[in-house]
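In case you want the letters, here they are:
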Amino acid sequence: MTPRNHISFEPMPQLAVVDPALAGAIASGVRKRETPLGADLLAAMEADILACISREISMGIALAKGYARLVETAGAGTLSQYGRRVAEAAVLGPALGKRMAIHLVPVLQANDPALTDRFLATTRHLMKHGVETLSEPLNRLTHLIACKDLGSAIAFLDLLDAAFSSRLSHGRARHLAYSLPVAVGAFAPARRPYQIRQLGRLMTRAPDLADAFLEGMERGLSHLSETALEQFVASGLAKAGAGTDAGRHFFSVSSVMARETLQALQTEVPLEQARTSLERYLKARTGRGIGVRPLSQLPDAGAHRDATNHQVCTDGHALFLPDVMDRFPNREENHHRYQVLAKLESACFEFGTFDFDLEKLRDRHPGLSEEPSATTAGTPDLSRFFRLFDNPLLAADLFTIVEHGRLWHRSGARYPGLARRLKNDLVSEMVRLLGAAAPGDPRPGLYAAAAGLPLPPWNPSPSSHPAVTALRRMLQTTVALLTDVHDSGCLVADAYPLMARSVPEPLSHAPMQTPFGRKIRPALLRNTWRPLDRLVEKVRHLLEQAGEKGYAADIRHQLQQRDLQLGPEDLKTIIAKGRSFRRRETTVSDTLCREIVRRLPEDIGRPGADGGAGDDTPAAAFWYREWHQQLNDYVERHVRVRPRTLPPGDLGLWDRTLADHRGAVRRIRRAFGLLKPQGLVLLRHWPDGDAFDYRALVDAAVDIKSGQIPSDRLYLKRLKQARDVAVLLLVDLSGSTGNAVNGSGKPVLQVEQEAIVLLCEALEMVGDRYAIAGFSGHSRHQVDYFRFKEFDDPLTDTVRGRICGMHPQRSTRTGAAIRHGIQALSAQPSKIRLLVLLGDGYPNDIGYKGEAAVADVLKAMGEAAAANVHVRPITVHLASGEDTQDRYGCLHHNIISDARELPDLLWRIYGRLTG
């Protein structure tokens with residue numbers, strides 16, 4: 001049987017000759033329709049397309065694509081209207097016809113007559129000011145419709161209608177056609193409809209104040225609720241009646257009255273305003289630098305938002321809170337909610353929730369079953385623990401109940417005043433959850449029982465009432481006695497059978513609702529711990545080979561505490577903890593620990609074990625922040641820099657360089673000699689000074705004799721010419737510096753060493769104070785900063801030997817090295833401070849690559865400028881030919897491929913900054 005929508009002929013045979021692909025797309029849509037289209041309509045559509053193609057190809061293609069998008073679902077009337085409207089627009093020009101063909105499609109697909117009418121009316125108003133005003137507004141409208149935000153789309157059309165229905169100059173029309181769509185795009189989706197309406201209200205009443213309103217949105221108006229923003233605009237319009245300037249200052253929030261009004265109306269609190277105080281609290285309570293981040297930046301945010309009340313979570317490194325807190329009608333309560341969430345969740349860090357170790361739990365609770373080995377790779381221990389039960393989701397809920405109860409009791413014992421302040425917030429939240437709980441779901445009540453919270457009567461499922469009562473009694477009597485997270489695990493293992501009988505089957509696979517959406521979320525820990533866990537497994541393997549057992553949680557904790565370094569004492573601590581947990585003898589052999597340390601992999605440091613480094617102790621390390629491109633923010637205390645020294649090398653390199661570059665040495669000495677101070681300068685005619693100026697005295701005597709008032713500038717001043725310059729040459733010593741330089745058989749490091757020799761000759765000639773350092777490292781915990789010459793060191797054979805002893809090391813974490821160099825230069829009293837960065841231009845380290853690494857280097861350079869330190873990168877060009885100016889731009893950046901190019905380059909740099 002032939003389907004009713006089947007067409008036995010090609011719908012558009014003539015178009016198929018001109019463009020088979022477009023004809024095929026339309027034919028495919030026609031065949032998918034529920035109701036057939038008449039041959040006359042199809043012929044009219046084909047004629048419209050061919051007519052547009054004959055006039056302007058791109059317009060005809062846009063019309064054909066529009067028909068292809070509409071033809072499957074649109075009615076015949078809609079298709080006819082589409083073709084008619086595009087034809088009417090095409091009369092005024094193909095550019096307008098093309099835009100109508102593109103942007104009318106989503107409007108018609110929205111199937112909202114009010115939207116279509118507004119679109120056509122607004123388009124007519126925009127056209128009065130030229131077709132160029134259509135592009136940005138229609139693009140923004142199409143985006144809003146694609147986001148299914150029809151309320152904002154209609155409000156945006158009303159805004160455009162208000163803006164362009166009046167008489168405007170050409171320049172003003174162009175400005176609004178760009179600024180209004182951009183502003184609307186920046187509005188938060190949840191608040192966008194009413195914010196657009198208030199902007200449209202302003203465009204109707206006082207269009208000259210629209211730009212000021214958009215400035216005010218960036219200064220805090222965007223955080224006002226709908227009612228508050230309406231009140232602010234009403235107040236602003238009243239102020240505008242007293243004068244345009246008063247209204248402009250008010251709407252831009254640049255006047256004291258406007259700021260006071262905004263503060264009085266603002267009820268919500270952006271996280272940025274509370275972030276500093278929250279991070280300070282977390283640092284004081286836990287002793288760790290825990291960052292506070294918006295929930296919108298949570299990795300795979302959608303996968304972790306299983307409850308409408310989701311307000312806080314952590315990945316073991318940072319705390320994630322709502323971007324804006326707007327749950328209460330006043331600002332104080334919203335700010336207080338941020339504090340409550342931070343104080344509750346910080347207990348996970350303080351009392352060791354993330355120290356959970358499944359192997360430890362098995363040793364404490366031997367009855368736990370084994371999981372299949374195939375499921376353990378890369379899986380957090382908590383997730384593996386939950387999979388030991390027939391319903392992992394229910395086991396996770398029980399663990400959350402027990403662990404949150406343990407944290408609450410531990411917090412109350414240590415901070416009784418804090419517990420009293422938080423209790424009312426927690427109780428009111430629990431009452432709300434109990435009221436909203438599904439009938440027969442006992443989990444909210446069990447959560448309250450574990451925390452020992454006084455609550456009104458609750459109604460568990462009648463069929464499971466004995467099990468619920470028994471489980472409730474177990475939680476009330478046991479949770480307060482738990483000391484660590486493994487105690488919680490043991491209680492979960494014992495109580496799970498009661499939990500399985502307590503929760504009705506239909507509810508057991510639905511997520512539990514918890515106060516503030518707090519849950520133990522092991523999936524968030526995976527990315528945080530993954531790099532560290534690779535090192536943990538290496539250490540565990542070495543311990544097993546030595547016949548000892550170390551728990552992963554203990555090894556991880558020791559690595560974190562010791563900044564990825566392990567010495568014999570650290571291993572003794574790990575082994576002793578493992579033996580103590582299993583209640584065995586804790587005396588550990590020093591010889592055994594030293595032997596294990598000797599076999600540690602290279603990516604785990606050994607305190608004091610690096611050859612030639614006299615100060616490689618943790619106390620000598622420096623911690624610096626680093627820019628995180630994905631977070632668009634700094635991560636504080638993120639990178640560890642260790643000052644070090646290297647053993648000296650063969651001094652023959654220095655002599656060979658001077659001999660090979662005799663001409664360059666002569667030229668650089670002559671050039672820099674011109675910058676050398678030339679002794680004393682004698683300044684005459686000063687009101688005070690070192691001695692009388694006898695010429696001035698004679699002139700004064702003559703003036704007195706002639707009856708004139710003599711000058712009081714009778715002294716000489718002698719000034720010693722001195723250069724006030726400090727220079728730090730920072731050299732890249734990464735492994736890539738062993739690669740060949742473009743057009744030369746020399747490695748990058750050899751060119752760097754030759755350049756250092758020439759620079760030393762130049763700086764010794766001019767007499768400026770200078771230091772030389774190199775950098776390399778491995779991971780953020782081990783950035784090595786090699787000191788070759790300090791500012792006060794003379795250029796001795798020892799210093800020359802250190803420079804000759806340079807050799808390629810490991811990775812390149814340039815931003816950290818620059819920040820340490822800034823600290824060294826900032827300690828110098830010199831007026832002019834210059835940091836010359838010499839390397840191959842490729843920042844590359846573990847978790848520090850590509851654009852993210854370049855972004856951090858650029859941020860570090862910006863920090864140098866803020867500290868009055870001039871940074872000048874000089875890149876030794878590699879054979880790969882990659883243009884590093886694409887990374888850092890051409891500003892203050894230079895490239896060399898031969899040390900002989902350095903004299904003229906240094907002269908230009910030095911002459912501009914210090915001459």
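Above: the structure in question.
The shown structure was predicted, so the numbers you read here are calculated from the model rather than taken from an experiment.

Trainee: Can you explain the overall build of the chain? Please cite residues and give values.
Mentor: A tally of regular secondary structure across the chain gives 38 helices and 16 strands. Counting every position in the chain, which comprises 915 residues, the buried fraction comes to 51%. When contacts within the chain are restricted to residue pairs at least 6 apart in sequence, those whose partners lie at least 24 apart make up 71%. Surface exposure of the chain reaches about 41,500 Å², of which carbon and sulfur atoms provide 52%.

Trainee: Could you give an account of the packing of helix α22 (residues 443-451) against helix α23 (residues 465-478), with specific residues and numbers?
Mentor: For the pair α22 and α23, interaxial distance at closest approach is 7 Å and the crossing angle is 25 degrees. With respect to their mutual orientation, α22 and α23 come out roughly parallel. Relative to α23, the crossing made by α22 is right-handed. Between α22 and α23, the residues in contact are L446, A449 and A450 and V468, L471, R472, L475 and Q476, respectively. Grouping the constituent residues of the contact of α22 with α23 by class yields six nonpolar, one polar and one charged.

Trainee: Explain the side chain of N391 to me, and be specific about the residues and the numbers.
Mentor: Among the secondary structure elements, N391 is positioned in the loop between α19 (381-386) and α20 (392-414). Not counting the four nearest positions on each side in its chain, N391 is found in contact with Y496, S508 and H509.

Trainee: An account of helix α7 (residues 113-127) is requested, with residue identities and associated values reported.
Mentor: Spacing of three or four residues puts side chains on the same side of an α-helix, whose turn is 3.6 residues. For α7, which comprises 15 residues, the first-to-last C-alpha distance of 21 Å matches the rise-based estimate of 21 Å (1.5 Å per residue) to within 8%. At the N-terminal end of α7, a side-chain oxygen is found 3.0 Å from the backbone nitrogen of A114, two or three residues along, and the residue is D112.

Trainee: Describe the environment of Y634, naming the residues involved and giving the relevant values.
Mentor: Looking at the element boundaries, Y634 is found in strand β7 (residues 633-644). Here Y634 is in contact with R293, R625, E626, W627, R819, K859 and E863, once residues within four sequence places are set aside. Of note is the side chain of Y634, whose polar atom sits 2.7 Å from the side chain of E863.

Trainee: Before we move on, could you go through the pairing of strand β15 (residues 870-876) and cite the residues and values that matter?
Mentor: Counting buried residues along β15, six of its seven residues qualify, which places the element largely inside the surrounding structure. The pairing of strand β14 (residues 832-839) with β15 spans six bridges and is parallel. Bridged to L835 within β15 is V871. What joins β14 to β15 is helix α36 (residues 850-866), and the crossover it makes is right-handed.

Trainee: I'd like to hear about the sheet that holds strand β3 (residues 313-314), residue by residue, with values.
Mentor: Taken in spatial order, the three strands line up as β2-β4-β3 in an open sheet, and their pairing is mixed. One side of each edge strand has no neighbouring strand; the edge strands of this open sheet are β2 (291-294) and β3. Bridge analysis of β2 against strand β4 (residues 318-321) gives four bridges, and the strand direction is parallel. By the bridge assignment, P294 is partnered in β4 with L321. Contacts from helix α17 (residues 331-350) reach β3 and β4 within the one sheet, and its direction differs from that of β4 by about 150 degrees.

Trainee: So what's going on with the pattern of salt bridges? Which residues, and what values?
Mentor: Across all of its chains, the model carries 37 salt bridges by this definition. Here E359 and R540 are joined by a salt bridge, their closest N and O atoms 2.3 Å apart. Of this pair, E359 sits in helix α18 (residues 358-364) while R540 is found in helix α26 (residues 525-545), placing the two residues 181 residues apart along the sequence. Judged by its relative accessible area of 15%, R540 is buried. Among the ionic pairs, D784 bridges to R644, the shortest N-O distance being 3.2 Å.

Rules used in this analysis
Residues numbered from 1 in each chain as written. Predicted model: local features only at pLDDT ≥ 70, side-chain atom pairs only at ≥ 80, totals over all residues. Heavy atoms only, no water. Helix = DSSP H or I, 4+ residues; strand = E, 2+ residues; numbered from the N terminus. Buried < 20%, exposed > 50% of the residue type's maximum accessible area, 1.4 Å probe, protein only. Contact = heavy atoms within 4.5 Å. Areas by Shrake-Rupley, 256 points an atom, 1.4 Å probe, with all protein chains shown as cover. Axes fitted to C-alpha atoms, helices over the stretch in contact; angles between N-to-C directions. Parallel < 35°, antiparallel > 145°, perpendicular 65-115°, else oblique. Left-handed = near helix turned anticlockwise from the far one by under 90°. Nonpolar A, V, L, I, M, F, W, Y, C, P; charged D, E, K, R; others polar. Expected span 1.5 Å × (residues − 1). Polar contact = N/O pair within 3.5 Å; in protein donor to acceptor, adjacent residues only side chain to side chain. Pairing = 2+ DSSP bridges. Right-handed = clockwise from strand over helix to strand, strands pointing away. Salt bridge = Lys/Arg side-chain N within 4 Å of Asp/Glu carboxyl O.

Functional significance is not addressed by these values, which are geometric in nature.
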